[in-house]
Amino acid sequence: PVVLGEAVLKNGMRRTALVLRYKNLFDWTFTDVREEYPEGVDGETAVWMWKRLLMLLAWVHRSGWVHGGIIPPHVLIHPRNHGVTLVSWSSAVETGARAKNPGPAYVAFFPEEVAVGLPASPATDIAMSARCMISVLGGNPATGELRHIPPEAEALVAMLRLHARYDGELSGRIEDALKLHEAFGSLAEAAYGPPRYHRFSMPRRA
């Protein structure tokens, strides 16, 4: 961060503001990805995206915080280096505090506790991140519906849907981002083989 402090808005209101330094070549958001790949990214691309996001969330959660606003415009990627980072921490709360609602435009990405202001937990971020991944796969983040699922990706999509929390099912759900990263990585290796570099371009012509 560059600075953390109190900012005075044009209307005179005061609020805490965080200014982050620009991270070189993190120029694209998940919103951009969905616009560039409306039919959805391929499975191997989705694998590195969620794995990187889960690793970041593991650090956030172990620090005692929940981001609480994981929606497509808040997830930045570095296409060439397969990097992922998060911005817009205004919805962040300490674990167990009431979740903040990032706004009605992204209600499809909210688990129940965000929609109604219940306590936030690591599972809150995991659910939102899974819905973001369903979106960049070309699916509906509100329902988990995808137009087409390649046979090799069926288990991966099933894990995304489970952790997106579209129902009250708890069996098999992992609420620790690092453990989920490991489990998802094992499924990915079974589907696509050992980890390897998978080229991804934004825009596609790059």
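Details of the structure are given in the entry above.
Okay, so let's go over this structure. Here the structure is a predicted model, which means the values were calculated and not measured.

## What about the pairing of strand E5 (residues 75-78)?
Piece 1. Neither face of E5 is left uncovered, since the one carrying Val75 and Ile77 and the one carrying Leu76 and His78 both have all their residues buried.
Piece 2. Here strand E3 (residues 28-29) runs beside E5; their pairing, made up of two bridges, is antiparallel. Paired with Thr29 across the strands is Leu76, a residue of E5.
Piece 3. Bridge count for E5 against strand E6 (residues 83-86) is four bridges, and the pairing is antiparallel. Residue pairing for E6: Leu76 is matched across the bridge by Thr85.
Piece 4. Linking two consecutive strands that pair antiparallel, namely E5 and E6, is a turn of four residues; a positive phi of about 55° is found at His82 within it.

## As for the pattern of salt bridges
Piece 1. In total, this model carries five salt bridges according to the counting rule given.
Piece 2. For Arg204, the salt bridge identified is with Glu36, shortest N-O distance 3.9 Å. Placement of Arg204 in the segment after helix H6 (177-192) and of Glu36 in helix H1 (residues 30-36) is noted, with a sequence separation of 168 residues between them.
Piece 3. A residue is classified by how much of its surface remains accessible, and Arg204, at 40% relative accessible area, is partly exposed.
Piece 4. The salt bridge involving Arg196 is made with Glu44; its shortest N-O contact spans 2.8 Å.

## What to know about the side chain of Thr45
Piece 1. With respect to the helices, strands and loops of the structure, Thr45 is situated in helix H2 (residues 43-62).
Piece 2. Exposure remark for Thr45: the relative accessible area of 0% places this residue in the buried category.
Piece 3. Here Thr45 is in contact with His198 and Phe200, once residues within four sequence places are set aside.

## Considerations on H6
Since the α-helix turns once every 3.6 residues, residues separated by three or four places project in the same direction.
Piece 1. Helix length check: H6, at 16 residues, gives a terminal C-alpha distance of 22 Å against a target of 22 Å (1.5 Å per residue), a fit within 8%.
Piece 2. Inspection of H6 places Ala177, Leu180, His181, Phe184, Gly185 and Ala188 among the buried residues, and these make up the whole buried set. Considered in projection along H6, the buried side chains sweep an arc of 135° and stay on one side of the axis. Projecting away from the buried face of H6 at angles above 90 degrees are the exposed residues Lys179 and Ala190.
Piece 3. Those residues of H6 hidden inside the fold are in contact with H2, helix H4 (122-136) and helix H5 (154-164).
Piece 4. Its side-chain oxygen placed 3.0 Å from the backbone nitrogen of Leu178, Asp176 serves as the N-cap of H6.
Piece 5. Trailing H6 by a residue or two, Gly193 shows a phi angle of about 90°, which is positive.

## Details of the packing of aromatic side chains
Piece 1. Following the criterion strictly, the structure yields four aromatic pairs and no others.
Piece 2. Geometrically, the ring pair formed by Trp50 and Phe184 is edge-to-face, given 4.8 Å between the ring centres and 85° between the ring planes. Pair noted here: Trp50 is in helix H2 and Phe184 is in helix H6, with a separation of 134 residues, a long-range link. Both residues of the pair, Trp50 and Phe184, count as buried.
Piece 3. Ring pairs connect the aromatic residues Tyr37, Trp48 and Phe200, which therefore count as one cluster.
Piece 4. Note that Arg204 overlies the ring of Tyr37, its terminal NZ or CZ placed 4.2 Å from the centroid.

## Let's talk about H4
Piece 1. If you check H4, its first and last C-alpha atoms are 22 Å apart, about what 15 residues at 1.5 Å a residue would give, namely 21 Å.
Piece 2. Counting buried positions along H4 yields 14 of 15 residues, so the element is predominantly enclosed.
Piece 3. Just downstream of H4 lies Gly138, where phi reads positive at about 90°.

## Comments concerning the sheet that holds E3
Piece 1. The strand order E3-E5-E6 describes an open sheet built from three strands, whose pairing is antiparallel. Two strands lie at the open edges of the sheet, namely E3 and E6, each paired on one side alone.
Piece 2. The strands touched by H2 within the sheet are E5 and E6, with E6 carrying the most contacts at an inclination of about 45°.

Calculation rules
Residues numbered from 1 in each chain as written. Predicted model: local features only at pLDDT ≥ 70, side-chain atom pairs only at ≥ 80, totals over all residues. Heavy atoms only, no water. Buried < 20%, exposed > 50% of the residue type's maximum accessible area, 1.4 Å probe, protein only. Helix = DSSP H or I, 4+ residues; strand = E, 2+ residues; numbered from the N terminus. Pairing = 2+ DSSP bridges. Salt bridge = Lys/Arg side-chain N within 4 Å of Asp/Glu carboxyl O. Contact = heavy atoms within 4.5 Å. Expected span 1.5 Å × (residues − 1). Arc of directions from axis to C-beta. Polar contact = N/O pair within 3.5 Å; in protein donor to acceptor, adjacent residues only side chain to side chain. Phe/Tyr/Trp six-rings, centres within 6.5 Å; stacked < 30°, edge-to-face > 60°. Lys NZ or Arg CZ within 6 Å of the ring centre and 35° of its normal. Axes fitted to C-alpha atoms, helices over the stretch in contact; angles between N-to-C directions.

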